[in-house]
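# Architecture and fold: a report
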Amino acid sequence: MNIHEKKVELFNKFAPELMDITSSAIRTDCLTDKQWDNVKQKFAYNAEKAEVIGFLDTSVTSSGKSGYLFTDEKVYYLETLEKPKKLWYDEIKCVRVTDAEKKKDSSRILQIELKDGKQISWTSTFLNKTPLCALFKELIKMESVPQSGNASVHYAKNQKSGAEAAGYGIGNFGNVNRIYEEEKFHSRQGHGFSAERANNFYDKSRGHDAKIVGDDNVQNGADRIVDGIYLQSKYCATGQDCIKECFEDSGKGRFRYMTDGKPMQIEVPADQEIYNEAVKTMGEKIKNGQVPGVTDPKEAKNLVRKGHVTYEQAKNIAKAGNVESLKYDAANGIVYATSAFGITAIITFATSVWDGEDFNVCLKNAAYAGLKVGGTSFIVSVLSSQLSKAGLNNMLVGNSEAIVSLMGPKASAVLINAFRSGTKPIYGAAAMKSAAKLLRGNVITAGLTVVVLSSFDIANIFRGRISGKQLLKNLANTTSTVAGGTAGWIAGAAAGSAILPGLGTLIGGIAGSLVSGSAAGKLTSKVTNAIVEDDADEMVAVIQKQFETIANDYLLNRKEAEKCVDRLSEGLTGNVLKDMFASDDRESFARNLIIPIVEKMVSMRELIRLPSDRQMVDSLKIILEDIADEEESVANQN
């Protein structure tokens, strides 16, 4: 028996005692179509019949035009000479019966105290207050008890588009940045750039403080810094050539790479032969007095550093379709997938908790969403990099440069500086050129994300499991989420960069993806039902649009959004709408009406305590086993 059935059973238990003999308590299966139509029209316009647990009809002719409609989460009611009202069970602090001295129970008062201190009195003489008070206490108790942790999770129905968009946003952010940086792999010295990236990734994965700094193109500047040591990467076919390039006048002059008066280390291929030859050549240069501040040839071993990849590996990494290239792309893909998994799982877990779901169900939702987004991000990372190396970027040059030329230098600077991580801002022609490269990376990653996400639907249509119309609908939803997340990341990252470059860029990007990728749903349209003045139509449209945006920003769930709409509707009087109409900034006026209501609602949310690593791993195991069981079941049916 589910929670709805238990509440129906509870209502039916109290039904014979709830009303005075002159009226009737109606069970859900006895509510006629005519009564239901009247209930909807008069005071419960947004009620769903599937959620009704019982009805107390107080109309004289039992028509359903007034009374008390009890549903799973709230009671709608219309009393004589009053406006329609709504009462949520989870907002009730306590209930009690007053005027106990009155012999007739229906003449007493049911006093309801809400958690915010508001007092509500039910005085209708149609209602017997003592059994009604007992019913409320049981409903409040059931509302506070979470559902069983063994509840199954219907993964396809538990998608959190905002959480997924945020995950795809951070995953694609990493992928786009990498494609942007790796476009240098296509140049004549592309293997040298691939060596820098591969060596840097290796050092970072081993816990070293490593970063690429050569992208600033400073003359004779370092390519990398590892644990405070400045490095210049030289990946040539011979050790002699590696060292020769470090000196002026084709190897005959002074050492070029100095920092704070000291020579930088030269990173060469991991091939032992090349390394040994490089050390030997550097020793000869020191002996010739070509290295400032160094006189001992034995110091050559301290100035020459063996890289982590060989010369051939560096060349292969810069190309598509070989083992070294795939291993490198897969290793990077795991990093981006982990970030995407974490962001999506955290947001999904939090929103599931706020939706009132059981802790174990929240864990399953988080694990599944994280697994889906993380897996997609991994596949997209590998494929996008391989396609870029294969020359897809070059095919997009014309279109990307045409778009950037229309944007102009200022807009291009905003775009590129929002996406470039850890580097100084660039402007003008350089920004436009870089923005074109960035757009090419975005086209590849966003396009691949849609393809990967839609691949299961495409497979299903060939297997006869979904219709063509359903495929188009799913594809449209997927595209809008990915596109919205990408656009949101750019806008959010740009705003974050303006406030706090670096951390602000990341936070702004995640927030932007989440907001743009999610939707408030149809709840915002309920605002229009609360306004009856014809002259208010234009103001209602503004309020609706602003509410949708704010609901997305604050991740309102269905119940929270409906409660906010209730409170907003109470305050939308004719005078308020007239003041709004006369305002110079109607959008700001609407936001000032909505935000205090939403912030008060959000302040009542439960504080989220994230699950432990062990709990998340256990949930992942369960999710993978469930998916395997579902696939096996489908295979057996076919």
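Quick caveat: nothing in here was measured; it's all calculated off a predicted structure. (Residues numbered from 1 in each chain as written. Predicted model: local features only at pLDDT ≥ 70, side-chain atom pairs only at ≥ 80, totals over all residues. Heavy atoms only, no water.)

## Overview of the sheet that holds strand β8 (residues 119-122)
The strand order across the open sheet formed by 3 strands is β6-β7-β8, and the pairing between neighbours is antiparallel. Only two strands of the sheet have a single neighbouring strand rather than two, namely β6 (92-98) and β8. On average, each strand axis in the sheet is tilted by 20 degrees relative to the strand beside it, whichever way the strands run. When β6 meets strand β7 (residues 109-114), the two strands line up antiparallel, connected through 6 bridges. The residue bridging valine 95 from the neighbouring strand is isoleucine 112, located in β7. (Pairing = 2+ DSSP bridges. Helix = DSSP H or I, 4+ residues; strand = E, 2+ residues; numbered from the N terminus. Axes fitted to C-alpha atoms, helices over the stretch in contact; angles between N-to-C directions.)

## Describing the pattern of salt bridges
Scanning the entire structure with this criterion turns up 19 salt bridges. One salt bridge connects glutamate 562 with lysine 86, and the closest N-O pair in it is separated by 3.1 Å. Highlighted residues: glutamate 562 in helix α19 (residues 558-571) and lysine 86 in strand β5 (residues 85-88), separated in sequence by 476 residues. The exposure class of glutamate 562 is buried, given its relative accessible area of 4%. One salt bridge connects arginine 224 with glutamate 267, and the closest N-O pair in it is separated by 2.7 Å. Taken as a pair, arginine 224 in strand β10 (residues 224-226) and glutamate 267 in strand β14 (residues 265-268) lie far apart in primary sequence, 43 residues in all. Looking at arginine 224, the relative accessible area reads 0%, which means it is buried. Salt bridges sharing partners connect three or more residues here, namely Glu73, Asp90, Glu91, Lys559, Lys563 and Arg567. (Salt bridge = Lys/Arg side-chain N within 4 Å of Asp/Glu carboxyl O. Buried < 20%, exposed > 50% of the residue type's maximum accessible area, 1.4 Å probe, protein only.)

## Thoughts on the confidence of the model for the protein
On average, residues of the protein carry a pLDDT of 75, and 62% of them reach 70 or more. Residue range residues 497-501 is modelled with pLDDT below 50. Its contacts to residues more than four positions away, or to other chains, number 6 contacts. Contacts for the low-pLDDT stretch residues 513-535, under 50 throughout, to residues beyond four places or in other chains number 55 contacts. (pLDDT = per-residue confidence, 0-100. Contact = heavy atoms within 4.5 Å.)

## As for the nonpolar core
With 30 residues, the main nonpolar core has Phe70, Leu87, Ile112, Trp122, Leu132 and Phe136 as its most contacted residues. Those elements that provide at least two residues to this core are α1 (3-18), β2 (52-57), β3 (67-71), β4 (74-78), β6, β7, β8 and α3 (129-144). For this core, the element with the highest residue contribution is α3, accounting for 7 residues. Grouped together as the second largest cluster of nonpolar side chains are 23 residues, Tyr257, Val268, Ile286 and Val304 included. (Core = buried A, V, L, I, M, F, W, Y, C linked by side-chain atoms within 4.5 Å.)

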